Amino acid sequence: MDKNILKKVAKLSNLQITDNDLVEYKPQLEETVKYIDNLQELNTSKINPTHHISNVNNVYFTDGQKNLRKLSLKELEKSTKITANKYFITKKIL
Amino acid sequence: MNLLNKTLIELIKLIKTKEISSKEIFEYFIKRIKKYNKNLNSFITINENFIANNREFLYGLPISLKDNICTKNIRTTASSNVLKNFISPYNATIVEKILNSGGIILGKNNMDAWAHGSSTETSDFGPTKNPWDKTRSPGGSSGGCTAAVASYLCPAAIGTETAGSIRQPASWSGTVGMKPTYGRVSRYGIIAMGSSLDCPGPITSSVEDSALLLNIIGGIDKYDATSISPTPSNYLLEINNKKTFNIGIPEEYFENVDKEIIKNIEKAIQVLKSLGHKFTKIKLLHPKYAISVYTIIQRAEVSSNLSRYDGIRFANDRTFFGKEAKKRIMLGTYALSQGYYDKYYKKAQTVRSLIISDFNKVFKKVDLILAPTTPTTAFKLGEFEKYPFFGELMDILNEPSSIAGLPSISIPIGLTKSNLPIGMQIIGNYLNEESILNCANFFQKETNFFDIKKTLLKQYPD
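Keep in mind that what you see is a predicted model, and the values were worked out from it rather than measured. (Residues numbered from 1 in each chain as written. Chains lettered and ligands numbered in written order. Predicted model: local features only at pLDDT ≥ 70, side-chain atom pairs only at ≥ 80, totals over all residues. Heavy atoms only, no water.)

Caption draft 1: The arrangement of the overall build of chain B in detail. Looking only at helices and strands, chain B has 15 helices and 11 strands in total. Rg of the C-alpha trace for chain B: 20 Å, near the compact-globule value of 23 Å for 462 residues, within the 12% margin. With the C-alpha coordinates aligned to their principal axes, the bounding extent of chain B is approximately 65 × 55 × 45 Å. Put simply, chain B has 462 residues, and 69% of those count as buried. Taking contacts inside chain B between residues at least 6 apart in sequence as the whole, the part at least 24 apart equals 77%. Total accessible area computed for chain B in this model is approximately 15,100 Å², and 50% of it derives from carbon and sulfur atoms. (Helix = DSSP H or I, 4+ residues; strand = E, 2+ residues; numbered from the N terminus. Rg over C-alpha atoms; globule rule 2.2 N^0.38 Å. Buried < 20%, exposed > 50% of the residue type's maximum accessible area, 1.4 Å probe, protein only. Contact = heavy atoms within 4.5 Å. Areas by Shrake-Rupley, 256 points an atom, 1.4 Å probe, with all protein chains shown as cover.)

Caption draft 2: Quick peek at the overall build of chain A. Across its full length, chain A holds three helices and two strands. Mapped in sequence order, the helices and strands of chain A form the string α-α-α-β-β. A compact globule built from 94 residues would reach a C-alpha radius of gyration of about 12 Å, whereas chain A, at 22 Å, exceeds it by more than 25%. The C-alpha extent of chain A, read off along each of the three principal axes, is 50 × 45 × 25 Å. Considering chain A as a whole, with its 94 residues, one finds that 22% of them fall into the buried category. Here chain A displays about 7,600 Å² of accessible surface, and carbon together with sulfur accounts for 51% of that area. Distance from the positive charge centre (16 side chains) to the negative charge centre (11 side chains) of chain A: 12 Å. (Lys, Arg positive; Asp, Glu negative; His and termini not counted. Charge placed at Lys NZ, Arg CZ, Asp CG, Glu CD.)

Caption draft 3: Seen up close, the layout of surface pockets. Here the largest pocket is characterised by a volume of approximately 650 Å³. Surrounding the largest pocket, 25 residues form its lining, B:Phe86, B:Tyr90, B:Arg308, B:Tyr309 and B:Phe314 being those nearest its centre. Tallied by class, the residues present in the lining of the largest pocket amount to 15 nonpolar, five polar and five charged. Within this model, the second largest pocket holds a volume of roughly 550 Å³. Lining the second largest pocket are 22 residues, and of these A:Asn14, A:Lys91, B:Asp310, B:Ile312 and B:Asp317 lie nearest its centre. Split by residue class, the lining of the second largest pocket holds eight nonpolar, eight polar and six charged. (1 Å grid on protein atoms, 1.4 Å probe; cavity = no way out; pocket = protein on both sides within 12 Å on 5 of 7 lines; lining within 4 Å. Points joined across faces, edges and corners; volume = space filled by probe spheres on them. Nonpolar A, V, L, I, M, F, W, Y, C, P; charged D, E, K, R; others polar.)

Caption draft 4: Molecular detail of the sheet that holds strand β2 (residues 61-66) of chain B. Residues and elements named next belong to chain B. Spatially, 11 strands are ordered β1-β3-β2-β4-β6-β5-β10-β11-β9-β7-β8 in an open sheet, and the strand pairing comes out mixed. Each edge of the open sheet carries a strand with a single partner, namely β1 (43-46) and β8 (278-282). Sheet twist, expressed as the mean angle between neighbouring strand axes with direction ignored, is 30 degrees. Alignment of strand β9 (residues 368-372) against strand β11 (residues 421-428), held across five bridges, turns out to be antiparallel. Bridge pairing in β11 links isoleucine 369 to isoleucine 427. (Pairing = 2+ DSSP bridges. Axes fitted to C-alpha atoms, helices over the stretch in contact; angles between N-to-C directions.)

Caption draft 5: Just the nonpolar core, in detail. Residues and elements named next belong to chain B. Leu83, Trp114, Ile409 and Ile411 are the most contacted members of the largest nonpolar core, which totals 159 residues. Looking at which element gives the most residues to this core, the answer is helix α9 (residues 287-305), with nine residues. Each residue touching isoleucine 411, except ones within four places of it in the same chain, is listed here: Thr175, Val176, Val207, Ile422, Gly423, Met424, Ile426, Ala440, Phe443 and Phe449. In this structure, Trp172, Ala378, Phe379 and Phe384 belong to the second largest nonpolar core, which totals six residues. (Core = buried A, V, L, I, M, F, W, Y, C linked by side-chain atoms within 4.5 Å.)

Caption draft 6: Spatial organisation of the interface of chain B and chain A. Listed by partner, the interface residues are 57 residues for chain B and 53 residues for chain A. Across the chain B to chain A interface the summed buried area is about 5,100 Å²; carbon plus sulfur atoms make up 67%. Put simply, chain B and chain A have three salt bridges between them. Taken together, the connections running from chain B to chain A amount to 19 residue pairs in polar contact (both at pLDDT 80 or more). Secondary-structure elements contributing two or more residues to the side of chain B that touches chain A are α9, α10 (323-336) and α11 (342-362) of chain B. Looking at the side of chain B that touches chain A, the element that brings in the most residues is α11(B), giving 13 residues. Looking at the side of chain B that touches chain A residue by residue, the classes come out as 34 nonpolar, 11 polar and 12 charged. (Buried area = accessible area lost by both parts, 1.4 Å probe. Salt bridge = Lys/Arg side-chain N within 4 Å of Asp/Glu carboxyl O. Polar contact = N/O pair within 3.5 Å; in protein donor to acceptor, adjacent residues only side chain to side chain.)

Caption draft 7: Structural detail: the packing of aromatic side chains. Residues and elements named next belong to chain B. For the structure on display, the rule yields 20 aromatic pairs over all chains. Taking 5.2 Å as the distance between ring centres and 25 degrees as the angle between the ring planes, the aromatic pair formed by tyrosine 90 and tyrosine 188 counts as stacked. On the criterion of sequence distance, the pair formed by tyrosine 90 in the loop between β2 and α3 (93-100) and tyrosine 188 in the loop between β5 (176-179) and β6 (199-204) is long-range, its members being 98 residues apart. Ring pairing ties together the aromatic residues Phe86, Trp114, Tyr309, Phe314 and Phe321, which thus form one cluster. (Phe/Tyr/Trp six-rings, centres within 6.5 Å; stacked < 30°, edge-to-face > 60°.)

Caption draft 8: Fine view of the environment of A:Tyr35. Note that A:Tyr35 resides in helix α2 (residues 19-36). Sequence spacing of A:Tyr35 and A:Val23 is 12 residues, and the spatial spacing of their C-alpha atoms is 20 Å. Discounting chain neighbours no more than four positions away, the residues touching A:Tyr35 are B:Lys288, B:Ile291, B:Ser292 and B:Phe389. Looking at A:Tyr35, its side chain comes within polar contact range of the main-chain oxygen of B:Lys288, at 3.5 Å.

Caption draft 9: Spatial organisation of helix α8 (residues 259-274) of chain B. All names here are of chain B. End to end, α8 covers 23 Å across 16 residues, agreeing with the expected 22 Å (1.5 Å per residue, within 8%). Here α8 has its buried residues at Ile261, Ile262, Asn264, Ile265, Ala268, Ile269, Val271 and Leu272. The secondary structure elements touched by the buried residues of α8 are β7 (246-250), β8, β9, β10 (408-415), β11 and α14 (433-447). In the segment just after α8, glycine 276 is the residue with positive phi, at about 105 degrees. (Expected span 1.5 Å × (residues − 1).)

Caption draft 10: Main features of empty space enclosed by the protein. Residues and elements named next belong to chain B. Inspection of every chain in the model, using the stated rule, returns six cavities of 30 Å³ or more. Around the second largest cavity sit 13 residues that line it, and Ala115, Gly117, Ser118, Tyr294 and Asp395 are the ones nearest its centre. Classifying every residue of the lining of the second largest cavity gives four nonpolar, six polar and three charged.

Caption draft 11: How the structure looks around α3(B). For α3(B), every residue scored as buried is listed here: B:Thr93, B:Ile94, B:Val95, B:Lys97 and B:Ile98. Next to the buried residues of α3(B) lie β2, β3 (103-109), β4 (157-161), β6 and α6 (207-217) of chain B.

Caption draft 12: Up close: the environment of B:Lys326. The topology assignment puts B:Lys326 in helix α10. B:Lys326 sits 23 residues away from B:Ser303 along the chain, and the two C-alpha atoms are 9.0 Å apart. Non-local contacts of B:Lys326, meaning those with residues more than four positions away in its chain, are made with A:Leu15, A:Gln16, A:Ile17, A:Tyr25 and B:Phe321.

By themselves, these are just geometric observations and shouldn't be taken as functional.
This is the structure:
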């Protein structure tokens with residue numbers, strides 16, 4: 001595994017990884033990647049992937065049903081440290 | 001009154017006959033937690049606030065929850081510093097179901113951080129100790145639940161399993177651990193790890209208690225689109241109507257397994273034969289492939305699920321992640337990235353299809369599959385650091401059935417010479433929890449699990 005690829009992966013995952021961390025993680029990740037290569041021994045050319053096993057599809061939430069997932073602004077604000085004028089505050093992106 | 005080692009069903013009888021009140025039972029367990037939790041570290045948060053709840057079917061009995069199950073008013077940490085002070089604004093569906101069935105939440109159990117691991121050592125709140133030998137791990141990631149149930153700091157707990165996280169610690173701690181069919185129990189309000197695999201389930205002292213809790217937490221949930229519709233049977237009734245089964249023994253699951261474990265499984269098979277069950281040798285795809293499928297799918301789903309922890313809307317930011325979570329997020333991101341997707345993620349999902357059709361073929365010939373739960377008994381604390389994917393190796397015998405979404409139970413079948421519990425699993429076909437529970441229940445009635453719990457509780461008197 002190329003060190004630069006790992007750095008890029010860390011950046012994509014929004015993780016702060018130091019060079020020291022990489023020294024530790026790289027051989028461990030490489031060992032894992034080497035192990036999972038055993039899947040290439042199996043011929044799957046004619047097999048479709050399974051993304052989940054419960055065979056359900058197109059599950060809809062009926063309009064007008066009581067929605068317990070809906071939370072009030074007051075409840076949501078309790079969980080965060082920084083809000084202003086009903087908005088969450090993030091770091092500047094651009 | 002001596003309450004030590006009483007099952008949920010036994011405690012319910014005592015409440016119904018008014019021999020004891022639910023408040024007295026609650027206080028009894030709080031007292032035991034205060035006495036023993038310092039050493040075992042099986043609870044992260046204790047809820048001392050007793051609110052009477054007399055509804056059927058639990059009549060005010062305390063139940064403890066793995067700390068990745070969201071509870072309103074009690075903090076939920078997933079054993080990570082990211083969520084150290086997080087209080088969920090809502091209850092998970094299964095928590096609502098437990099409360100509506102007369103349960104009281106006793107506390108939140110320690111676990112591997114984000115359920116990443118099989119030893120409860122990746123917890124940011126310190127490792128849980130195995131009550132049988134405090135220098136050893138109770139297994140994981142539901143190790144806090146199994147340690148608490150084994151040492152009777154709670155009568156029963158709800159854990160979660162992605163691949164082995166209920167069965168493996170149940171085996172290492174000497175409890176009953178039930179992993180239902182994927183979709184049988186709602187995932188809504190449970191901190192997601194591998195969404196196509198995650199499955200909550202009961203951790204108990206008896207198979208009957210497991211059936212009782214599955215009755216309560218099972219069933220479709222409109223808030224979890226992957227929960228499935230057939231209404232579960234009344235397991236408690238089903239399991240007491242004795243049946244005999246054709247049970248398959250997969251030889252691949254006995255490779256590299258400790259001799260003492262194999263010897264005890266053979267003994268257990270003799271018991272099952274005496275109960276009228278028939279045994280057939282079967283062949284299954286080697287579980288070493290399931291390790292790879294699981295490693296890829298789990299890492300990929302973790303990298304996606306943990307992306308929501310940005311510290312903006314709730315909880316702490318991403319600098320609070322521990323090593324294990326960081327490594328898993330990175331590997332998952334790698335496996336999903338352009339150029340590697342087909343080689344890893346898509347390949348893993350096609351092998352998943354192979355594993356499913358492999359089980360489908362076998363279940364045309366047999367009703368149940370029997371195997372060891374784990375290749376070894378409990379490891380010493382600290383051992384996991386020597387392996388880059390310790391969890392996957394410890395869960396090798398659980399991963400194939402989890403990948404296929406099948407139900408399975410781990411039950412205690414005895415002790416090693418050095419007094420460590422041994423577990424055996426019974427895997428069933430899709431949605432066939434009742435056969436597993438039925439078989440396990442009559443095994444317990446016949447053996448009382450060789451009284452191993454009584455042996456342990458001598459070390460943990462009231």
